[in-house]
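Residue strings, one per chain:
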Amino acid sequence: MNAPDTCALDLTEEVIATLSGCEDERFRFVMTQLVEHLHAFARKVDLRPEEWMGAIQFLTAVGQTCDDKRQEFILLSDTLGLSMLVVALAQARASGAAAGAATPATEATVLGPYYWEGAPELPLGADLGAGVRGEPAFYQGRVTDTEGRPLAGALLDIWSGDGEGVYDMQLEGNTQMLARGRIRTDEGGRYWFWSIRPSFYPIPMDGPVGRMIERMGRDPNRPGHIHMIVSADGHVPVATHLFVADSPYLETDVVFGVRDSLIVPFERMGPGTASDGRVLDRPYWEAHYDFRLAPR
Ligand code: BEZ
Ligand code: FE
């Protein structure tokens with residue numbers, strides 16, 4: 001539906017001309033493009049004053065919902081697909097140098113609001129899921145470079161919600177880190193650890209972004225996933241997720257974070273002896289994934 005553009009007023013060039021004294025070339029370019037696209041948008045939708053005021057009230061409410069624990073602006077960016085687009089652009093830019101590698105680097109995806117810096121460094125095989133609701137899951141694989149060479153001492157900074165889709169930060173009154181840890185690969189680039197099989201969950205829906213999602217007629221859920229930032233000296237770090245292959249909402253992730261290459265089968269096992277020798281008296285899951293990092 002294109003609104004007829006009957007407005008003769010053309011301020012666009014006039015506004016852009018005010019940037020002629022801007023000495024920061026990149027900032028001038030970004031602001032010029034922003035003004036051009038904002039003006040084109042207003043013309044395209046024939047923006048009404050009451051809609052413009054509604055948008056200002058909405059953005060004000062988004063800001064007022066932010067505090068040290070809640071970042072509603074990031075949620076807005078996530079749910080409009082902008083965060084994922086910026087992540088993909090950054091990865092494409094960083095891996096330009098690695099063009100022609102045998103295999104591409106592991107795909108990056110959104111960081112999300114639940115990263116908590118400073119998770120404890122734990123030994124290989126540690127159980128990040130101790131004291132966390134959910135079914136146990138054993139994760140294993142390797143970290144290599146894009147030529148397949150193992151990266152010893154690579155760091156996996158891992159976090160997830162629990163088996164019911166709730167993060168430690170969301171638990172009322174909880175100040176303790178749960179389902180988080182940092183693990184380093186062994187000399188063969190191998191990693192293994194225990195946690196829980198993560199569940200799907202809805203993004204916070206009690207604020208202005210939630211009202212926007214409802215009004216847009218969208219589903220608020222993310223499919224089950226575990227987050228990690230994988231890094232190694234001399235390589236481009238990647239913030240990514242592993243998605244549970246048979247989770248609901250893989251097709252409709254509300255923040256557009258799913259990449260096919262990150263969907264991992266979780267195999268139902270046990271009760272019995274797991275790959276690392278741990279004996280479980282209840283069923284558990286196993287997931288295998290190899291990460292690849294591009295050289296800097
Ligand atoms: C998350 O995966 O933790 C997340 C990402 C974006 C918005 C909300 C949650
Ligand atoms: Fe998450």
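Everything below is about the structure printed above this text.
Since we're looking at a predicted model, the values are computed, not measured.

Caption draft 1: Quick look at the site of ligand 1. In the region of ligand 1, the neighbouring residues are L75, D78, G112, P113, Y114, Y167, Y201, I203, R222, H225, H227 and V255. The side chain of H225 places a nitrogen or oxygen atom 3.0 Å from an oxygen atom of ligand 1. Burial of ligand 1 by the protein amounts to 100% of the accessible area it has alone, namely 260 Å². Grouping the constituent residues of the shell around ligand 1 by class yields seven nonpolar, three polar and two charged.

Caption draft 2: Representation of the side chain of D253 within the structure. By the secondary structure assignment, D253 is in the loop between strand 8 (238-244) and strand 9 (263-264). With sequence-adjacent residues up to four places away left out, D253 is seen in contact with N221, R222, P223, F243 and V258.

Caption draft 3: Up close: the pattern of salt bridges. Counting across every chain of the model gives 13 salt bridges. Close ionic contact of R184 with E121 constitutes a salt bridge, the shortest N to O distance being 2.9 Å. In this pair, R184 sits in strand 3 (residues 180-184) while E121 sits in the loop between helix 5 (82-94) and strand 1 (136-145), placing the two residues 63 residues apart along the sequence. R149 is the partner of D145 in a salt bridge, and the nearest nitrogen-oxygen pair spans 2.7 Å.

Caption draft 4: Spatial organisation of the environment of L122. Tracing the chain through its elements places L122 in the loop between helix 5 and strand 1. Sequence separation of L122 and I183 is 61 residues, and the distance between their C-alpha atoms is 5.5 Å. Beyond its immediate stretch of four places on either side in the chain, L122 contacts L128, R180, G181, R182 and I183.

Caption draft 5: Structural view of the sheet that holds strand 8. Strand order across the open sheet formed by five strands is 3-2-7-8-9, with mixed pairing between neighbours. Each edge of the open sheet is held by one strand with a lone partner, namely strand 3 and strand 9. Bridge analysis of strand 2 (residues 155-159) against strand 7 (residues 225-231) gives five bridges, and the strand direction is antiparallel. Across the sheet, residue L156 finds its bridge partner in strand 7, namely V230.

Caption draft 6: Structural context of the pairing of strand 7. By the criterion of burial, strand 7 is predominantly enclosed, with five of the seven residues buried. From the end of strand 7 to the start of strand 8, which pair antiparallel, there are six residues, and G234 there has a positive phi angle of about 80°.

Caption draft 7: The arrangement of the environment of V62 in detail. With respect to the helices, strands and loops of the structure, V62 is situated in helix 3 (residues 49-65). Note on V62: relative accessible area 0%, which makes it buried. Here the alpha-carbon distance between V62 and W52, two residues ten residues apart in the chain, equals 15 Å. If we ignore the near neighbours within four places in the chain, the residues touching V62 are E72, F73, L76 and P208.

Caption draft 8: Summary view of the nonpolar core. In terms of nonpolar packing, the biggest core is built from 31 residues, with V143, F193 and F291 touching the most fellow members. Every element with two or more residues in this core is listed here: strand 1, strand 2, strand 4 (190-196), strand 7, strand 8, strand 13 (284-288) and strand 14 (291-293). At four residues, strand 8 tops the list of elements feeding residues into this core. Among all residues touching F193, those that are not within four sequence positions of it are G125, A126, L128, A137, F138, Y139, I158, I183, I226 and M228. The next biggest cluster of nonpolar side chains, apart from the first, holds eleven residues, and it includes M84, V110, I213 and V255.

Caption draft 9: Looking closely at the pairing of strand 2. Buried residues dominate strand 2, accounting for five of its five residues. Neither face of strand 2 is exposed, since L155, D157 and W159 on one face and L156 and I158 on the opposite face are all buried. Bridge count for strand 2 against strand 3 is five bridges, and the pairing is antiparallel. Bridge pairing in strand 3 places W159 opposite R180.

Caption draft 10: Spotlight on the packing of helix 3 against helix 6 (residues 208-216). At a closest axis distance of 8 Å, the pairing of helix 3 and helix 6 adopts a crossing angle of 135°. Judged by the angle between their axes, helix 3 and helix 6 are oblique. Only P208, V209 and M212 of helix 6 make contact with helix 3, whose side of the interface consists of F58, A61, V62 and T65. Taken together, the residues of the contact of helix 3 with helix 6 break down into six nonpolar, one polar and no charged.

What counts and how
- Residues numbered from 1 in each chain as written.
- Chains lettered and ligands numbered in written order.
- Predicted model: local features only at pLDDT ≥ 70, side-chain atom pairs only at ≥ 80, totals over all residues.
- Heavy atoms only, no water.
- Near = heavy atom within 4 Å.
- Polar contact = N/O pair within 3.5 Å; in protein donor to acceptor, adjacent residues only side chain to side chain.
- Areas by Shrake-Rupley, 256 points an atom, 1.4 Å probe, with all protein chains shown as cover.
- Nonpolar A, V, L, I, M, F, W, Y, C, P; charged D, E, K, R; others polar.
- Helix = DSSP H or I, 4+ residues; strand = E, 2+ residues; numbered from the N terminus.
- Contact = heavy atoms within 4.5 Å.
- Salt bridge = Lys/Arg side-chain N within 4 Å of Asp/Glu carboxyl O.
- Pairing = 2+ DSSP bridges.
- Buried < 20%, exposed > 50% of the residue type's maximum accessible area, 1.4 Å probe, protein only.
- Core = buried A, V, L, I, M, F, W, Y, C linked by side-chain atoms within 4.5 Å.
- Axes fitted to C-alpha atoms, helices over the stretch in contact; angles between N-to-C directions.
- Parallel < 35°, antiparallel > 145°, perpendicular 65-115°, else oblique.

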